[in-house]
Amino acid sequence: MINTVLRLEFEHVFPDEKEKNVLEYLNQISSFTLLNIIGFSNTNPQPNFDNFASNMVVRDDIIKRVIKYSRENEIKEKPILVSREASLRLAEIILSNRDSLIKENKNDDIDTDEINLLKAFLVINKEVNSKQKLEDSEDNVEKLVDMSIAMLFSTSGIGNYENNDLEFGKTLFATIVRFEHLIGFLQSDKKYSYLEKDLYSYFGQNSIKEVSNQMKYLFGKLFELKLKNGFKFQVDEKESQVFLNSLSSDEIIEDDDFTTLRNYPVYKINESTFSIIDFFFVVDKFNKSVKFILKNSFHKYHNLPARDRTFFEFFNTNFSEDYLMKKVLDEIFHKPYFVKKTVLDATVNEPDYYVRHNKKVFLFENKDVLIAKSIKSSGDIQKINGVLKSKFLEVNKKPIGVGQLVTSIVQIIENEFKFDDYLNEQKNITIYPILLINDRIFETLGINYRLNQWYLTLVKEKLGEKYNSNFIKSLTIIDMDTLIYWTPYLVQKDSNFKKILDEHLKNMNTKKKVNHPNAEKGKIIANKNLTKQISPISSRLINYRLPKKLLVEKFEDVINE
């Protein structure tokens, strides 16, 4: 359920006190406290206003202040002081101002540390809250979609959930699988050998195998830290220290999207002691960040200017689509009776992947796209909607993504589909359009619902009276991590893939009415129902867990060595 709990700001708690710049509060905190809070965002649960201060007198005073504000402003839900986004922002500010803060901080009083840290969080919360720009909507579903996308889009990549252990495990497993496929791709052709060499050199290793081993050692350590609810660890092996040094930096720059923290997600305390700034950022280093390491290598090798887009066209087509997507989907649809796309030499609007089982068709379009950080972190629903249309509907009046799916659907209905002659002789073909995306940010609550509304408008416009919702299904968005994580379940039975699609589409297209005598409880139920309606497909298979042996197998080569 969408949680619209208030993030406390400075004026909410200290209305009679003049607010200062966050650095002024941090300058009054001891160096020890500042350096040991790096990685604080990984702990669960995060403290709140009612247990932040260890001094009971101070704690009671803060609680009274918050209760007073809540009563005066009719706030019924318990406000929060600390969020993962605020903790990351605090770490970023500390690291980017590390030299001056550590030099000036001489305080050794814990009460002073805690009250100034609390005020620093309140100032940061105001900054975070200001990014959310919502507009009123007459339709409750549309209003909820706007609100959820605006609130969650910028933080969807950091596992910003009450308990993100399952999401973290899924992301970690999928990243190992992705990295294995990337190694396979780089070693599939000698012309990519320079990319492979530059990749393992970046991490200070002598081979891509060593990088894979070090990555798995680190991921194993992350699991251990997760279980202990910690974020600091010691490493004595020189090779591992060199590897971890490549993940840390003394030069951290403040950025709307935590760009530098994402690139350097480990904080080096001393030669053998390291702190994890963010668990998801560490894992993403071997998924999202790897693309930019390869980009620099590609540009250098081909002598290309920084803004040249050739690499992304190469990577998105040759690896994300032709290699990774094909490997994953071929594993899922491996039975000989599945009909795949006929490959033609010159085609228009060729589906990225096509599979048919009897009279059921699954159409895939794969999109590995980037969203500008200025849009992602804006909290502006109009800007976000605009970029979603440009990335997934059409660009320069040319259909892309969802637009390409609609074109293929029209061809099938009109019996003009070039890739499976069987369809051109049949009627009542059931079509499942699927947009496969490579970044979990597009699994944000509400995005599948929003893109499906645009898809339905477009497909109905193109087909007119020939549109039949019984055979032409709504749009499903699946992220690659979820598809990889679900693969063991999907290969168990041929019907499992269709089953989860049908369940997702039924939830997304069903609007439940609420009739409850208690208005407040009715609102809670309605909000819960609407949230379920606009949830991504990744939240539907709630009882599935990856078999432990499959995860253990990924670490066997490291354990044996």
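Refer to the structure above for everything that follows.
Residues numbered from 1 in each chain as written. Predicted model: local features only at pLDDT ≥ 70, side-chain atom pairs only at ≥ 80, totals over all residues. Heavy atoms only, no water.

Trainee: Just to check I follow, could you spell out the sheet that holds strand β1 (residues 232–234) for this structure?
Mentor: By definition, the strands of a sheet pair up through backbone hydrogen bonds, in either a parallel or an antiparallel sense. Spatial ordering of the open sheet is given by β1-β3-β2, a layout of three strands whose pairing is antiparallel. With one partner strand each, in any of the chains shown, β1 and β2 (266–268) form the two edges of the open sheet. Each adjacent strand pair in this sheet contributes to an overall mean axis angle of 30 degrees, direction not counted. (Pairing = 2+ DSSP bridges. Helix = DSSP H or I, 4+ residues; strand = E, 2+ residues; numbered from the N terminus. Axes fitted to C-alpha atoms, helices over the stretch in contact; angles between N-to-C directions.)

Trainee: What should I look at first to understand a positive patch on the surface in this one?
Mentor: A contiguous patch of positive charge on the surface is contributed by Lys-506, Lys-512, Lys-528 and Lys-532. Tracing the backbone shows Lys-532 in helix α23 (residues 519–533). (Patch = residues over 30% accessible without salt bridge, like charges linked within 9 Å, V, L, I, M, F, W, Y side chains within 5 Å. Areas by Shrake-Rupley, 256 points an atom, 1.4 Å probe, with all protein chains shown as cover. Salt bridge = Lys/Arg side-chain N within 4 Å of Asp/Glu carboxyl O. Lys, Arg positive; Asp, Glu negative; His and termini not counted. Charge placed at Lys NZ, Arg CZ, Asp CG, Glu CD.)

Trainee: Help me out: how do you make sense of the pattern of salt bridges in this one?
Mentor: Oppositely charged side chains can form a pair if their charged atoms are brought close together. By the definition in use, this model includes 35 salt bridges. A salt bridge links Lys-221 to Glu-224; the shortest N-O distance between them is 3.3 Å. In this pair, Lys-221 and Glu-224 both sit in helix α11 (residues 208–228), three residues apart, roughly one turn of the helix. Overall, Lys-221 belongs to the partly exposed group, its relative accessible area being 22%. Residue classification places Glu-224 among the partly exposed positions, given a relative accessible area of 33%. Residues Asp-257 and Lys-376 are paired through a salt bridge, measuring 3.0 Å at the closest nitrogen-oxygen approach. You can see Asp-257 sitting in the loop between α12 (238–245) and α13 (259–263) and its partner Lys-376 sitting in helix α17 (residues 373–376), a full 119 residues away along the chain. No difference in accessibility class separates Asp-257 from Lys-376, as the two residues are buried. One continuous salt-bridge network, built from bridges that share partners, spans Arg-89, Glu-92, Glu-127 and Glu-254. (Buried < 20%, exposed > 50% of the residue type's maximum accessible area, 1.4 Å probe, protein only.)

Trainee: Please clarify how the packing of aromatic side chains should be interpreted in this entry.
Mentor: Within a pair of aromatic rings, the relevant descriptors are the distance that separates the centres and the angle that separates the planes. All told, the structure shown has 43 aromatic pairs when counted by the stated rule. Aromatic side chains Phe-168 and Phe-223 sit 6.2 Å apart centroid to centroid with 75 degrees between the ring planes, which places their arrangement in the edge-to-face category. Linking Phe-168 in helix α9 (residues 165–186) with Phe-223 in helix α11, this pair joins segments that are 55 residues apart in sequence. Using a relative accessible area of 1% as the deciding quantity, one classes Phe-168 as buried. When the ring of Phe-333 is compared with that of Phe-338, the centres are 5.4 Å apart and the planes differ by 80 degrees; the resulting orientation is edge-to-face. Phe-338 sits in the buried class, given a relative accessible area of 8%. Members of the aromatic cluster, each reached through a chain of ring pairs, are Phe-185, Tyr-192, Phe-292, Phe-298, Phe-311, Phe-312, Phe-314, Phe-315, Phe-319 and Tyr-323. Over the ring of Phe-168 we find Lys-226; its NZ or CZ atom is 5.2 Å from the centre of that ring. Positioned above the aromatic ring of Trp-454, the side-chain terminus of Lys-389 is 5.0 Å from the ring centre. (Phe/Tyr/Trp six-rings, centres within 6.5 Å; stacked < 30°, edge-to-face > 60°. Lys NZ or Arg CZ within 6 Å of the ring centre and 35° of its normal.)

Trainee: I would appreciate a short explanation of the packing of α9 against α11 in the present structure.
Mentor: When two helices pack together, their arrangement is given by the angle between the helix axes and by the axis-to-axis distance. The geometry of α9 relative to α11 is characterised by a closest axis approach of 11 Å and an angle of 175 degrees between their N-to-C directions. As judged from the angle between their axes, α9 and α11 are roughly antiparallel. Between α9 and α11, the residues in contact are Asp-165, Phe-168, Leu-172, Thr-175, Ile-176, Phe-179, Glu-180 and Ile-183 and Ile-208, Val-211, Ser-212, Met-215, Lys-216, Phe-219, Leu-222, Phe-223 and Lys-226, respectively. For the contact of α9 with α11, the per-class residue count stands at 11 nonpolar, two polar and four charged. (Parallel < 35°, antiparallel > 145°, perpendicular 65-115°, else oblique. Contact = heavy atoms within 4.5 Å. Nonpolar A, V, L, I, M, F, W, Y, C, P; charged D, E, K, R; others polar.)

Trainee: How do you make sense of the pairing of strand β6 (residues 360–367) when you look at a structure like this?
Mentor: The side chains of a regular strand alternate, first on one face of the sheet and then on the other. Where burial is concerned, most of β6 is hidden: seven out of the eight residues are buried. Here strand β5 (residues 353–357) pairs with β6 via five bridges, running antiparallel. From the neighbouring strand, His-357 faces β6, where its bridge partner is Lys-360. What sits between β5 and β6 in their antiparallel hairpin is a turn of two residues, with Asn-358 showing a positive phi close to 55 degrees. As defined by bridge partners, β6 adjoins strand β9 (residues 430–437) across eight bridges and the pair is classed as parallel. Bridging across to β9, Val-361 finds its partner in Ile-431.

Trainee: Mind showing me how you'd approach helix α20 (residues 447–463) here?
Mentor: Along an α-helix, residues three or four positions apart point the same way, because every turn accommodates 3.6 residues. Its 17 residues give α20 an end-to-end C-alpha distance of 24 Å, which sits within 8% of 24 Å, the value for a rise of 1.5 Å per residue. Among all positions in α20, only Ile-447, Asn-448, Tyr-449, Arg-450, Leu-451, Asn-452, Trp-454, Tyr-455, Leu-456, Val-459 and Leu-463 are buried. Trailing α20 by a residue or two, Gly-464 shows a phi angle of about 60 degrees, which is positive. (Expected span 1.5 Å × (residues − 1).)

Trainee: Looking at this structure, how should I read the sheet that holds β6?
Mentor: Strand order in the open sheet formed by five strands is β4-β5-β6-β9-β10, with mixed pairing between adjacent strands. Both outer strands of the open sheet, β4 (339–340) and β10 (476–479), are each paired with one neighbouring strand and no more. Across two bridges, β4 lies against β5 in antiparallel orientation. Residue pairing for β5: Lys-340 is matched across the bridge by Val-355.

Trainee: Please clarify how unusual backbone geometry should be interpreted in this entry.
Mentor: Trans peptide bonds make up the majority, and among non-glycine residues the majority have a negative phi. Put simply, Asn-44 and Pro-45 share a cis peptide bond, and its omega is 0 degrees. In this structure, Pro-45 sits in the loop between α3 (31–36) and α4 (56–72). Phi at Phe-258 is positive, roughly 55 degrees, even though this residue is not glycine. Topologically, Phe-258 is positioned in the loop between α12 and α13. Here Phe-258 falls in the buried class, since its relative accessible area comes to 6%.

Trainee: Would you take a moment to explain helix α16 (residues 310–332) for this structure?
Mentor: Between its terminal C-alpha atoms α16 stretches 31 Å, which fits the 33 Å expected from 23 residues at 1.5 Å a residue. For α16, the principal kink sits at Lys-326 and spans about 35 degrees. (Bend = angle between axes of the 7 residues up to and from the residue.)

Trainee: What am I meant to see in the pairing of strand β3 (residues 273–276) here?
Mentor: Of the two faces of β3, the one carrying Thr-273 and Ser-275 and the one carrying Phe-274 and Ile-276 are both buried. With three bridges joining them, β1 and β3 adopt antiparallel strand pairing. Among the inter-strand pairings, Gln-234 is bridged to a residue of β3, identified as Thr-273. One ladder, built from three bridges, connects β2 with β3; its direction is antiparallel. Bridged to Tyr-267 within β3 is Ser-275.

Trainee: Sorry, what's going on with the environment of Phe-338 here?
Mentor: Checked against the element boundaries, Phe-338 lands in the loop between α16 and β4. If near-sequence neighbours (up to four positions away) are discounted, Phe-338 is found in contact with Phe-333, Val-355, Arg-356, His-357 and Asp-494.

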